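# Topology and contacts: notes
These are the residues of each chain, in order.
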Amino acid sequence: MTAQLTYEELATLMKNGAGLTVDPLAMESRPGSAFDEYGLDSLGLLGIVAVLENRFGRPLPADADRCKTPGEFLDLVNNTLVTGA
């Protein structure tokens, strides 16, 4: 586990939690693409948030499950991990 969540880790979480196969390089090249373009709905994202909260031992911001894009989600998660807020 890294101190920062990567696109590769996010793709793995999407596979494990929602059964979606996503190319992390494609997602990284288009960070503004909507999660629904990959087939991830709000319930799937909520599951990913729960996994990350357990992994890092701290809550993510309340609006983490409302992020619309992978880039927005990674920014929020990684900023939270850096600042501890």
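Heads up: the structure comes first, above all this text.
Here is a short report on the structure shown in this document. (Residues numbered from 1 in each chain as written. Predicted model: local features only at pLDDT ≥ 70, side-chain atom pairs only at ≥ 80, totals over all residues. Heavy atoms only, no water.)

## Focus on the nonpolar core
The line we're drawing: Buried Ala, Val, Leu, Ile, Met, Phe, Trp, Tyr and Cys residues form a nonpolar core when they are joined through side-chain atoms within 4.5 Å. Summary of the burial criterion: residues with accessible area below 20% of their type's maximum are buried, those above 50% are exposed, and those between are partly exposed, where the area comes from a 1.4 Å probe applied to protein chains only. Note on conventions: DSSP H or I runs of at least 4 residues are helices, E runs of at least 2 residues are strands, and numbering of each starts at the N terminus. Whether two residues touch is decided by their heavy atoms; if any such pair falls within 4.5 Å, the residues are in contact.
Of all hydrophobic cores here, the largest spans 24 residues; its most connected members are Leu10, Met14, Met27, Ile48, Leu52 and Phe73. Of all the elements in the fold, those that place two or more residues in this core are helix H1 (7–18), helix H3 (42–56) and helix H4 (70–83). If near-sequence neighbours (up to four positions away) are discounted, Met27 is found in contact with Tyr7, Leu10, Ala11, Met14, Val22, Tyr38 and Pro70.

## Thoughts on the pattern of salt bridges
Selection rule: Any Lys or Arg side-chain nitrogen located within 4 Å of an Asp or Glu carboxyl oxygen qualifies as a salt bridge.
Counting across every chain of the model gives one salt bridge. For Glu37, the salt bridge is made with Arg30, and the minimal N-O distance between the two is 2.7 Å. Glu37 gets classed as exposed once you look at its relative accessible area, which sits at 52%.

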